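Each chain, letter by letter, is given below.
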Amino acid sequence: MADLDHSLDDSALDSREGISQDSKLEFSEDEETLIIRMFNLVGERWSLIAGRIPGRTAEEIEKYWTSRYSSSE
């Protein structure tokens, strides 16, 4: 019975992580503007850009940029 309870806890944790990751990919207008300006200055140096936005990681910034602005050339 303890194993069953543990697996329920894990699935609840997984669903909460998914929600927090999705909500973090929503960027404010100020964050978007800053990302664009920083990208124009420093290019794909995601960690440098993330360092200017509290609470954001380089991976989040890169994922946001590639999903929003990458071209399929």
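Because the structure is a prediction, the values reported are computed rather than measured.

Analysis parameters
Residues numbered from 1 in each chain as written. Predicted model: local features only at pLDDT ≥ 70, side-chain atom pairs only at ≥ 80, totals over all residues. Heavy atoms only, no water. Phe/Tyr/Trp six-rings, centres within 6.5 Å; stacked < 30°, edge-to-face > 60°. Buried < 20%, exposed > 50% of the residue type's maximum accessible area, 1.4 Å probe, protein only. Lys NZ or Arg CZ within 6 Å of the ring centre and 35° of its normal. Helix = DSSP H or I, 4+ residues; strand = E, 2+ residues; numbered from the N terminus. Expected span 1.5 Å × (residues − 1). Arc of directions from axis to C-beta. Polar contact = N/O pair within 3.5 Å; in protein donor to acceptor, adjacent residues only side chain to side chain.

For the rest of this paragraph, the subject is the packing of aromatic side chains. Where two aromatic rings form a pair, the distance of their centres and the angle of their planes describe that pair. Using the criterion set out here, one finds six aromatic pairs in the structure. Between Tyr64 and Tyr69, the aromatic rings sit 6.3 Å apart at their centres with planes inclined by 75°, giving edge-to-face as the arrangement. Classification of Tyr64 as buried rests on a relative accessible area of 5%. The class for Tyr69 is partly exposed, based on a relative accessible area of 34%. Between the NZ or CZ atom of Arg56 and the centre of the ring of Phe27, over which it lies, the distance is 3.8 Å.

This brings us to helix H4 (residues 58–69). The periodicity of an α-helix, 3.6 residues per turn, causes residues three or four positions apart to be oriented the same way. The terminal C-alpha atoms of H4, which comprises 12 residues, lie 16 Å apart, in line with the 16 Å expected from a rise of 1.5 Å per residue. Among all positions in H4, only Ala58, Glu60, Ile61, Tyr64 and Trp65 are buried. For H4, the angular spread of the buried residues around the axis is 165°, confining them to a single face. Facing away from the buried side of H4, by more than 90 degrees, are the exposed residues Glu59 and Ser67.

What follows concerns the side chain of Arg56. Note on placement: Arg56 falls in the loop between helix H3 (46–50) and H4. Looking at Arg56, its side chain comes within polar contact range of the main-chain oxygen of Glu26, at 3.0 Å.

Remember, this is a structural readout, not a statement about activity or role.
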